[in-house]
Amino acid sequence: MNLSEVFRRCKPLIVYICAGDPSPDETVEIAERIVRAGADVLELGLPHSDPIADGPVIQAASQRAIAAGMNTDLYFDIASRIDGVPKVFMGYYNMVYRRGLDRFASDCKASGICGMIVPDLPVEESRPLREAASRHGIDLINMIAPNTPDKRILEIISLSSGFVYLVARSGVTGASADLQESTRHLIERVPPVIPRAVGFGVSRPEHAAELVRAGADGVIVGSACVDLIGRSELDQLEDLIRRMKRAMTEVSVKSAASIRQS
């Protein structure tokens, strides 16, 4: 199943984990638990020594993964061992560039990865990777921030596939106590010509429900899950995912019922 099919089927819950944290083998086991709990898409991070878009929780996970021996070859091996859910690569451009754009896209395809998120690659410089990804049937997912001008939003949408990643707040990743009004405004500003998934700061079931109610086509949760993994609280991780997915589904069902009655 590709990303377009997932978004046609439901409003997906997209869960980020850092590959190799706390160990490569445990990553596969954790991913299986996440899928069983109800995640629709797995965003699998390739750890980097300087993850500029990530806050302290994911930075710490990257350091643990690197210390556990993670590298790019092992990343694709881990990805190939995770079944049952579409997978999306998340990582930084120098790792992609060093391996070779076509080789990296080919390795994504071979390991069952159907999309790529490269937060430090501007759309103006994305053509070589976009073409390599397209040759192998991989979606290149671009990001839109709250301060992105309207004209640039349209450009980003035109150069994206799979979905666009709406950044819920300025700054780096990390759990948040509440959602900002600017997040709702951002959803309204992005034309629904491509699925819009919202991440950064999403940590509670009520956040997920609010975002779906505000018009998001999908919800991305990362730091809250990585934090639980770092504390070895895997039962709580499964419970969080189940509750987030349930909250999203309840809003979607109520919305569909309201449309049928109108």
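Residues numbered from 1 in each chain as written. Predicted model: local features only at pLDDT ≥ 70, side-chain atom pairs only at ≥ 80, totals over all residues. Heavy atoms only, no water.

### Overview of unusual backbone geometry
- In this model, Asp21 is joined to Pro22 through a cis peptide bond whose omega is 5°.
- Residue placement: Pro22 occurs in the loop between strand 1 (13-18) and helix 2 (24-37).
- For Phe200, which is not glycine, the phi torsion reads 80° and is therefore positive.
- Of note, Phe200 is situated in the loop between strand 8 (196-199) and helix 10 (205-213).
- At Ser232, a residue that is not glycine, the phi angle is positive and equals roughly 60°. (Helix = DSSP H or I, 4+ residues; strand = E, 2+ residues; numbered from the N terminus.)

### Let's talk about the sheet that holds strand 8
- Strand order across the open sheet formed by 9 strands is 5-4-3-2-1-9-8-7-6, with parallel pairing between neighbours. The open sheet terminates on both sides in strands that have one partner only, identified here as strand 5 (139-141) and strand 6 (143-144).
- Looking at chain direction, strand 1 and strand 2 (residues 41-45) are connected through 5 bridges and run parallel. Each residue of the ladder has a partner; that of Ile14, found in strand 2, is Val41.
- Sitting on the sheet, helix 4 (residues 72-80) touches strand 2, strand 3 (87-90) and strand 4 (113-117), and the angle it makes with strand 3 is about 165°.
- Here helix 6 (residues 101-110) sits on the sheet in contact with strand 3 and strand 4, set at roughly 135° to strand 4. (Pairing = 2+ DSSP bridges. Contact = heavy atoms within 4.5 Å. Axes fitted to C-alpha atoms, helices over the stretch in contact; angles between N-to-C directions.)

### Brief notes about the confidence of the model for the protein chain
- On average, the protein chain scores 91 in pLDDT, and the residues at 70 or more come to 91%.
- Every residue in residues 171-177 is under pLDDT 50, and counting partners more than four places away or in other chains gives 26 contacts. (pLDDT = per-residue confidence, 0-100.)

### Some words on the environment of Val167
- Looking at the secondary structure, you find Val167 in strand 7 (residues 164-167).
- Sequence spacing of Val167 and Phe200 is 33 residues, and the spatial spacing of their C-alpha atoms is 5.8 Å.

### Description of helix 11 (residues 223-230)
- With 6 of its 8 residues buried, helix 11 lies for the most part within the structure.
- All buried positions along helix 11 are accounted for by Ser223, Ala224, Cys225, Val226, Leu228 and Ile229.
- Directly after helix 11, the chain includes Ser232, whose backbone phi takes a positive value near 60°. (Buried < 20%, exposed > 50% of the residue type's maximum accessible area, 1.4 Å probe, protein only.)

### A few points about the packing of helix 3 (residues 56-67) against helix 11
- It is the contact of helix 3 with helix 11, at a shortest axis distance of 9 Å, that shows an interaxial angle of 45°. By the criterion of interaxial angle, the relationship of helix 3 to helix 11 is oblique. In this structure, helix 3 crosses over helix 11, and the sense of that crossing is left-handed. On helix 11, the residues that touch Val57, Ile58, Ala61 and Arg64 of helix 3 are Ser223, Val226, Asp227 and Gly230.
- Across the contact of helix 3 with helix 11, the residue classes tally to 4 nonpolar, 2 polar and 2 charged. (Parallel < 35°, antiparallel > 145°, perpendicular 65-115°, else oblique. Left-handed = near helix turned anticlockwise from the far one by under 90°. Nonpolar A, V, L, I, M, F, W, Y, C, P; charged D, E, K, R; others polar.)

### Some details on the environment of Ile30
- Position of Ile30 among the secondary structure elements: in helix 2.
- By relative accessible area, which is 3% here, Ile30 ends up buried.
- Residue contacts for Ile30: discarding those within four places in its chain leaves Asp21, Pro22, Ile229, Leu234 and Leu237.

### Quick notes on the nonpolar core
- With 92 residues, the main nonpolar core has Phe89, Met116 and Phe163 as its most contacted residues.
- The element best represented in this core is helix 12 (residues 234-261), accounting for 7 residues.
- Excluding its chain neighbours within four sequence positions, the residues that come into contact with Phe89 are Leu44, Leu46, Tyr75, Val96, Phe104, Cys108, Ile113, Gly115, Met116, Ile117 and Val118. (Core = buried A, V, L, I, M, F, W, Y, C linked by side-chain atoms within 4.5 Å.)

### Structural notes on the side chain of Thr27
- Position of Thr27 relative to the elements: it lies in helix 2.
- Overall, the relative accessible area of 0% leaves Thr27 in the buried class.
- A polar atom in the side chain of Thr27 sits 3.0 Å from the backbone oxygen of Ser23.
- Filtering out sequence-adjacent residues up to four positions away, Thr27 remains in contact with Ile17, Cys18, Ala19, Gly20, Asp21, Leu44 and Ile78. (Polar contact = N/O pair within 3.5 Å; in protein donor to acceptor, adjacent residues only side chain to side chain.)

### A word on the packing of helix 4 against helix 6
- Two numbers describe how helix 4 lies on helix 6: the axes approach to 9 Å, and their chain directions differ by 25°. On the basis of the axis angle, helix 4 is roughly parallel to helix 6. Only Arg103, Phe104, Asp107 and Cys108 of helix 6 make contact with helix 4, whose side of the interface consists of Thr72, Asp73 and Phe76.
- Looking at the contact of helix 4 with helix 6, its residues break down into 3 nonpolar, 1 polar and 3 charged.

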